[in-house]
Amino acid sequence: PNSTIYLSEDQFLCSICLEVFTDPVTIPCGHNFCKNCITENWNISVCCQCPLCVKVFHSRPELNVNTFLSEMVDKFKQSKAEVEAREGKIHQMIRERQKKINNFRELLTCSKEAAEREKTASEQIFDSLIKCIEESRNQLDDVIEGMQKTTESQAQGFIKELEEEVSELRMNISELEQLSHTRDHLQFLQSLPSLNPVPPTKDWTEVTVHSSYEGTVKKAVAQLEQRLSKEMKKLCDDVELKRVQQYAVDVTLDPDTAHPNLVLSDNGKQVTSCNKRQNFPETPKRCTYYTNVLGKQGFSSGRFYYEVQVNEKTQWDLGVAKESINRKEKKPLCPRNGYWTIRLRNGNQYKALVGPSICLSLKAEPQKVGVFVDYEEGLVSFYDVGAAALIYSFTGCNFTEKLYPLFSPCFDEGGANSTPLIISSVLPKH
């Protein structure tokens, strides 16, 4: 059995077709050929002879199968197939690992860029916070110095007033001493009525100067804490908005999905409602119950962000919807039915359509709303772009199909809500 170890690949090749033997046979001279190869060779030859040693056979020899060689060829072919399969598997493993290497390299590049962005953002945040602290410290110094100057001014005024009283009293004493040393009794009696009376003086018993600074620092620190808290929230919101704005995509409106009461601009960036129902062709894609229109661009992975101008409107709906939403019937615009949206009604009533809707308390009316989606994270967030503030986030969403941006300018309410929704260019906050 070990003899097979020493067989070379040439010994498995037919000398006629130069391929690995197929049905190897041995002719009387001892040489081996494919059965079909030697048969065809003899069929076209004048005489039967060995193609290798040229030995001539007067009658066509009987072709006997070389069982040993057949077995060896089968083993050789199996081994070849195993080697090729193994080689293919290894190549696949190499490709997979090379792909993983490239992924890690991309991750390193992205991580480095993200780290630089975070460092820049952190520097801006901490520089701003340090500036707040320094301003508060300087203000506190000014307050303390002002209190000290007030105290000093009051004390100096009292000192001056007291010194003037002391001076007048000393003058009075001097007159009395001079009179007391007079030996002429008649002159003493005559001079007594003409003496200056004791000058009027203030009762200084309850007079004091308040110079306590107790609580000044504590009050200043409490005010600083409130200011820092507001500043940190604002700065963090700014950083968060800048972060999502880097995923901005170009969104245009899909006219094939627009409700018949909607009018789209030629560039596909504006949508307005009108009272007259337009004669749009009916298609499965068209929204016919709600005054909605979807974006042309759908997303089934990654992150995307876009901004919509909503100022001067009293009603609107914004968000994203899955591709398979029911566009013809009255279905609540909530996650259960494939919608992740927020809305405005009556000019100042904001709601997140979660299931039962949630009322949103906003400090200001957004002029521009940013919509951010992280498909893998299952996140849909809405931002007040002008205030750089988060309005609301849907979290833990399970997205399984393509998502499309959704817009509804709602009905125009007799002209009160006639302003269009406008998809605007994303301009990162500085």
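Before any of the text, the structure's been laid out above.
The rules behind these values
- Residues numbered from 1 in each chain as written.
- Predicted model: local features only at pLDDT ≥ 70, side-chain atom pairs only at ≥ 80, totals over all residues.
- Heavy atoms only, no water.
- 1 Å grid on protein atoms, 1.4 Å probe; cavity = no way out; pocket = protein on both sides within 12 Å on 5 of 7 lines; lining within 4 Å.
- Points joined across faces, edges and corners; volume = space filled by probe spheres on them.
- Helix = DSSP H or I, 4+ residues; strand = E, 2+ residues; numbered from the N terminus.
- Nonpolar A, V, L, I, M, F, W, Y, C, P; charged D, E, K, R; others polar.
- Buried < 20%, exposed > 50% of the residue type's maximum accessible area, 1.4 Å probe, protein only.
- Pairing = 2+ DSSP bridges.
- Phe/Tyr/Trp six-rings, centres within 6.5 Å; stacked < 30°, edge-to-face > 60°.
- Core = buried A, V, L, I, M, F, W, Y, C linked by side-chain atoms within 4.5 Å.
- Contact = heavy atoms within 4.5 Å.
- Axes fitted to C-alpha atoms, helices over the stretch in contact; angles between N-to-C directions.
- Parallel < 35°, antiparallel > 145°, perpendicular 65-115°, else oblique.
- Left-handed = near helix turned anticlockwise from the far one by under 90°.
- Polar contact = N/O pair within 3.5 Å; in protein donor to acceptor, adjacent residues only side chain to side chain.

Its boundaries defined by the atoms lining it, the largest pocket holds a volume of some 370 Å³. Counting residues per element, the lining of the largest pocket draws most heavily on helix H4 (residues 216-245), at six residues. Considered class by class, the residues forming the lining of the largest pocket number seven nonpolar, two polar and seven charged.

It is worth spelling out the pairing of strand S14 (residues 368-374) at this point. Along any regular strand the residues' side chains alternate between the sheet's two faces. Counting buried residues along S14, six of its seven residues qualify, which places the element largely inside the surrounding structure. For strand S9 (residues 303-309) and S14, the ladder comprises seven bridges, and the chain directions are antiparallel. Counterpart to Arg-303 in the pairing with S14 is Asp-374. In the sheet, S14 pairs with strand S15 (residues 379-384) via six bridges, with the strands oriented antiparallel.

For any two aromatic rings, the description comes down to two numbers: the centre-to-centre distance and the angle of the planes. The final tally for this structure, using the stated rule, is twelve aromatic pairs. Geometrically, the ring pair formed by Phe-299 and Phe-304 is stacked, given 4.0 Å between the ring centres and 15° between the ring planes. Like Phe-299, the residue Phe-304 is buried in the burial classification.

Before going further, it helps to examine empty space enclosed by the protein. Under the definition given, this model contains two cavities of 30 Å³ or more. Around the largest cavity, the lining residues are Cys-287, Tyr-289, Tyr-290, Asn-292, Ile-325, Asn-326, Arg-327, Glu-329 and Tyr-339. Roughly 30 Å³ of internal volume is contained in the second largest cavity. Trp-316, Ile-342, Arg-343, Tyr-350, Lys-351, Leu-360, Leu-362, Pro-366 and Ile-391 together form the lining of the second largest cavity. Along the lines of polarity and charge, the residues of the lining of the second largest cavity split into seven nonpolar, no polar and two charged.

Time to look at the nonpolar core. Soluble globular proteins tend to bury their nonpolar side chains together. Among the nonpolar cores identified, the biggest contains 35 residues, and Trp-316 and Phe-407 are the most heavily contacted of them. With 17 residues, the next largest nonpolar core counts Phe-12, Phe-21, Ile-38 and Phe-57 among its residues.

Here three strands make up an open sheet; going across it, the order is S2-S1-S5 and the pairing antiparallel. In this open sheet, the two edge strands, each paired with only one partner strand, are strand S2 (32-34) and strand S5 (64-65). For strand S1 (residues 24-26) and S2, the ladder comprises three bridges, and the chain directions are antiparallel. When the bridges of S2 are listed, Thr-26 appears paired with Asn-32. Of the strands in this sheet, S1 and S2 touch helix H1 (residues 35-44), which is tilted by about 90° from S2.

Negative phi is the rule for most residues except glycine; trans is the rule for most peptide bonds. You will see that Val-54, though not glycine, has its phi angle at about 60°, which is positive. Secondary-structure assignment places Val-54 in the loop between strand S3 (48-49) and strand S4 (56-57). Notably, Glu-312 is not glycine yet its phi reads approximately 70°, a positive angle.

This brings us to the packing of helix H2 (residues 67-180) against H4. Packed helix pairs are specified by the crossing angle of their axes together with the interaxial distance, meaning the distance between the axes. The contact between H2 and H4 brings their axes to 10 Å, and the two run at 160°. In terms of orientation, H2 lies roughly antiparallel with respect to H4. Viewed along their axes, H2 and H4 form a crossing whose handedness is right-handed. Partitioned by chemical class, the residues of the contact of H2 with H4 number 16 nonpolar, five polar and four charged.

This brings us to the side chain of Asp-254. Within the fold, Asp-254 resides in the loop between H4 and strand S6 (262-264). Looking at Asp-254, the relative accessible area reads 8%, which means it is buried. A distance of 3.0 Å separates a polar atom in the side chain of Asp-254 from a polar atom in the side chain of Lys-285. Aside from chain neighbours lying at most four places away, what touches Asp-254 is Leu-264, Lys-285, Val-293, Leu-294, Gly-295 and Lys-296.

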